[in-house]
Amino acid sequence: MAVPLPERRRVSGSRRSQVAQRKVQRQKRSLELLQGALSTHRMARQAPWLANLHRITDGALLATGVAALAMAGLTLHWQGRWGGDFRQLQRAQALEHRLMESQSALEQHYLRSAKRPGALVATSSQDLVFLPSPPPAASASVKPSPGLKLNWIAAGY
């Protein structure tokens, strides 16, 4: 038996409205379930010990999160400080290495000049100049005289 076309539309339209109504009812039930589960007043009335347990766990979770953020911040800070100190140590080691090379070059130069007797001047006790030692109070504040220029030796080759 053939069903006329207009009746089919009515049946499908009513079925669609039923499906939509069921969907809305399911959403309402799920929202009620969530609202009931998240309601602290209702839980406090039904089981006060459980509500207190929830508050304690929420506080512990919050404290753990804050502690984790603080530790992450301190770790980053300490890593930055360590990196800066390590770079400074590497620079100091490089300067020490360059100083040792310069010292070695100067020693080699003086050793070569010592092998040539005409390059050295013979010293005698008459050529030596003896200076009196400074008083102890003046040694604490030793300042170079204004006429004395200290030139730094350029490092490297």
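Each chain has its residues counted from 1, following the order in which its sequence is written. Residues qualify for local features only when their pLDDT is at least 70, as the model is predicted, and side-chain atom pairs are given and counted only at 80 or more; totals for whole chains, interfaces and linings, by contrast, use all residues. Side-chain measures here rest on the full set of heavy atoms in the structure, leaving out hydrogens and waters.

Engineer: Would you mind showing me how to read the overall build of the chain here?
Structural biologist: Each helix corresponds to a stretch of at least 4 residues labelled H or I by DSSP, and each strand to a stretch of at least 2 residues labelled E; elements are numbered beginning at the N terminus. Secondary structure summary: the chain contains four helices and zero strands in total. Listing each helix as α and each strand as β along the chain from the N terminus yields α-α-α-α. Exposure categories follow from relative accessible area, calculated using a 1.4 Å probe and restricted to protein chains: below 20% of the type maximum is buried, above 50% is exposed, and the middle band is partly exposed. Of all 157 residues assigned to the chain, the portion counted as buried reaches 3%. Accessibility throughout is a Shrake-Rupley quantity obtained with a 1.4 Å probe, and a residue counts as covered only by protein chains that appear here. Of the roughly 15,300 Å² of accessible surface on the chain, a fraction of 63% belongs to carbon and sulfur atoms.

Engineer: What is the right way to read the packing of aromatic side chains from this model?
Structural biologist: Each Phe, Tyr or Trp ring, with Trp reduced to its six-membered ring, pairs with another whose centre is within 6.5 Å; inter-plane angles below 30 degrees give stacked pairs, above 60 give edge-to-face pairs, and intermediate values give tilted ones. In this structure the tally under the stated criterion is one aromatic pair. With 5.2 Å between their ring centres and 5 degrees between their planes, Trp 82 and Phe 86 make a pair best called stacked. On the criterion of helical spacing, the pair formed by Trp 82 and Phe 86 is a turn pair, its members being four residues apart in helix H3 (residues 48–115). Judged by relative accessible area, Trp 82 falls into the exposed class, the value being 58%. Residue Phe 86 is classed as partly exposed on the basis of its relative accessible area of 37%.

Engineer: Sorry, what's going on with H3 here?
Structural biologist: The α-helix winds at 3.6 residues per turn, so residues separated by three or four positions along the chain end up facing the same way. Working rule for helices: expected span equals 1.5 Å times residues minus one. In this model, H3 (68 residues) spans 99 Å end to end at C-alpha, consistent with the 100 Å of a helix rising 1.5 Å per residue. Regarding H3, the residues found buried are Ala 51, Gly 83 and Ser 113.

Engineer: How do you make sense of the confidence of the model for the chain when you look at a structure like this?
Structural biologist: Fine structural detail should not be taken from predicted coordinates in areas where pLDDT scores are low. Think of pLDDT as the predictor's per-residue confidence, scored from 0 to 100. Averaged over the chain, the pLDDT score is 77; the fraction of residues at 70 or greater is 65%. Model confidence for the chain, summarised as mean pLDDT per element, is weakest for helix H4 (residues 136–140) at 60 and strongest for H3 at 92.

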